[in-house]
Amino acid sequence: MGSLFGKSKKKHESRVTEQDKAVLQLKMQRDKLKQYQKKITAKLENERQVAKQLLKDGKKDKAKLLLRKKKFQEGLLEKTDNQLDNLEKMVHDIEFAQVEMQVVEGLKRGNESLKKMHEILSIEDVEKIMDETQEAVEYQQEIDALLAGGLTDQDEEDVLAELDLIVQESLPEVTREEDIALPDVPSQDIEERKAKRERRQQEAMVAA
């Protein structure tokens, strides 16, 4: 029962790499060296004060021996400075190498993605799409040109005249007979103008 209702524990892969462990270990060594330096520096200052006191007390030999010991420890302190520099440089080199690896891995994934995209869309497909797009643009430009410049002033007058005719035809018969204010529209002229307009449109289409 416990295996049925209990939560299964999945083992998560550790994201800590060997490089991370190495950097951590180097930083721990660096911190220990810094603590050692701090301790030695305090001890050297204390021994210097003790040497002063020995000189005051007339114990020159003991003061000299203590200063020799102090000089030896100063040499050790200088060596720890060099070791710290080496540790800092090594930490920097490892961290920079990790960044370089991440950049290379990112470039690798990017190249793989580009290859997959190129497999899906070839150069021929791109050229075909561009050609179709250009044809569609040119066709739309031709339509826009016809709509913009296809009607002359005479055509506009014909349109208005035909509109008046349609308005007259839509009025009741009694109203058309009684309304003397409305001018008579010559239907013959309208038909002739309409025929001329259609001929011009056909000529324009043939010329295009």
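Only a predicted model underlies this, so the values are computations on that prediction, with no experimental measurement involved.

## Concerning the overall build of the protein
Each helix and strand in the protein was counted, giving 7 helices and 0 strands. Looking at the protein as a whole, 13% of its 208 residues qualify as buried. Long-range contacts, defined here as pairs at least 24 residues apart, represent 75% of the contacts in the protein between residues at least 6 apart. Counting only carbon and sulfur atoms, one obtains 56% of the accessible surface of the protein, whose full area is about 18200 Å².

## Some remarks on the pattern of salt bridges
Going through the model one piece at a time under the given rule, you end up with 7 salt bridges. Among the salt bridges present, the one from Arg-30 reaches Glu-88, with a minimum N-O distance of 3.5 Å. In this pair, Arg-30 is assigned in helix α2 (residues 18-56) and Glu-88 in helix α3 (residues 60-120), connecting sequence segments 58 residues apart. Judged by relative accessible area, Glu-88 falls into the partly exposed class, the value being 32%. Overlapping salt bridges bring together Arg-30, Asp-31 and Glu-88 as one network.

## Focus: the packing of α2 against α3
Remark: α2 packs on α3, axes separated minimally by 8 Å, with the N-to-C direction vectors making an angle of 160°. When the axis of α2 is compared with that of α3, the two are roughly antiparallel. The two elements α2 and α3 meet at a crossing, and its hand is left-handed. Tallied by class, the residues present in the contact of α2 with α3 amount to 21 nonpolar, 8 polar and 15 charged.

## Comments concerning the side chain of Thr-80
Within the secondary structure, Thr-80 is located in helix α3. Only 3.0 Å separates the side chain of Thr-80 from the side chain of Gln-37, close enough to count as a polar contact.

## Details of α3
Helix length check: α3, at 61 residues, gives a terminal C-alpha distance of 90 Å against a target of 90 Å (1.5 Å per residue), a fit within 8%. Taken residue by residue, α3 has Ala-63, Leu-66, Lys-70, Gln-73, Leu-77, Thr-80, Leu-84, Leu-87, Val-91, Ile-94 and Gln-98 as its buried positions.

## Points about a nonpolar patch on the surface
On the surface, a cluster of nonpolar side chains totalling about 490 Å² of accessible area is made up of Ile-120, Leu-121, Val-126, Ile-129 and Met-130. In terms of residue count, the dominant contributor to the nonpolar patch is helix α4 (residues 123-149) (3 residues). Along the chain, the position of Ile-129 falls in helix α4. Look at Ile-129 and you get partly exposed, because its relative accessible area is 44%.

## Observations regarding α2
Here α2 is 39 residues long and its end C-alpha atoms lie 58 Å apart, about the 57 Å a rise of 1.5 Å per residue gives. Regarding α2, the residues found buried are Val-23, Leu-26, Arg-30, Leu-33, Gln-37, Ile-40, Leu-44, Glu-47, Ala-51 and Leu-54. Considering only its buried residues, α2 is in contact with α3. Where α2 ends, the next residue or the one after it, Gly-58, has phi of about 80°, a positive value.

## Notes on the nonpolar core
Core analysis: the biggest nonpolar cluster contains 7 residues, these being Val-23, Leu-26, Leu-33, Leu-84, Leu-87, Val-91 and Ile-94. At the level of secondary structure, the elements contributing two or more residues to this core comprise α2 and α3. The element contributing the most residues to this core is α3, with 4 residues. If near-sequence neighbours (up to four positions away) are discounted, Leu-87 is found in contact with Leu-26, Gln-29, Arg-30 and Leu-33.

## Side note on the confidence of the model for the protein
Close inspection of predicted coordinates is inappropriate in any region flagged by low pLDDT. Mean pLDDT over the protein works out to 76, with 77% of the residues at or above the 70 mark. This model gives residues 1-6 a pLDDT under 50, and the stretch forms 0 contacts once residues within four places in sequence are excluded.

## A look at a negative patch on the surface
There is a patch of like negative charges on the surface, built from Glu-124, Asp-125, Glu-127, Asp-131, Glu-132, Glu-135, Glu-138 and Glu-142. By the element assignment, Asp-125 lies in helix α4.

Definitions and cut-offs
Residues numbered from 1 in each chain as written. Predicted model: local features only at pLDDT ≥ 70, side-chain atom pairs only at ≥ 80, totals over all residues. Heavy atoms only, no water. Helix = DSSP H or I, 4+ residues; strand = E, 2+ residues; numbered from the N terminus. Buried < 20%, exposed > 50% of the residue type's maximum accessible area, 1.4 Å probe, protein only. Contact = heavy atoms within 4.5 Å. Areas by Shrake-Rupley, 256 points an atom, 1.4 Å probe, with all protein chains shown as cover. Salt bridge = Lys/Arg side-chain N within 4 Å of Asp/Glu carboxyl O. Axes fitted to C-alpha atoms, helices over the stretch in contact; angles between N-to-C directions. Parallel < 35°, antiparallel > 145°, perpendicular 65-115°, else oblique. Left-handed = near helix turned anticlockwise from the far one by under 90°. Nonpolar A, V, L, I, M, F, W, Y, C, P; charged D, E, K, R; others polar. Polar contact = N/O pair within 3.5 Å; in protein donor to acceptor, adjacent residues only side chain to side chain. Expected span 1.5 Å × (residues − 1). Patch = residues over 30% accessible without salt bridge, like charges linked within 9 Å, V, L, I, M, F, W, Y side chains within 5 Å. Core = buried A, V, L, I, M, F, W, Y, C linked by side-chain atoms within 4.5 Å. pLDDT = per-residue confidence, 0-100. Lys, Arg positive; Asp, Glu negative; His and termini not counted. Charge placed at Lys NZ, Arg CZ, Asp CG, Glu CD.

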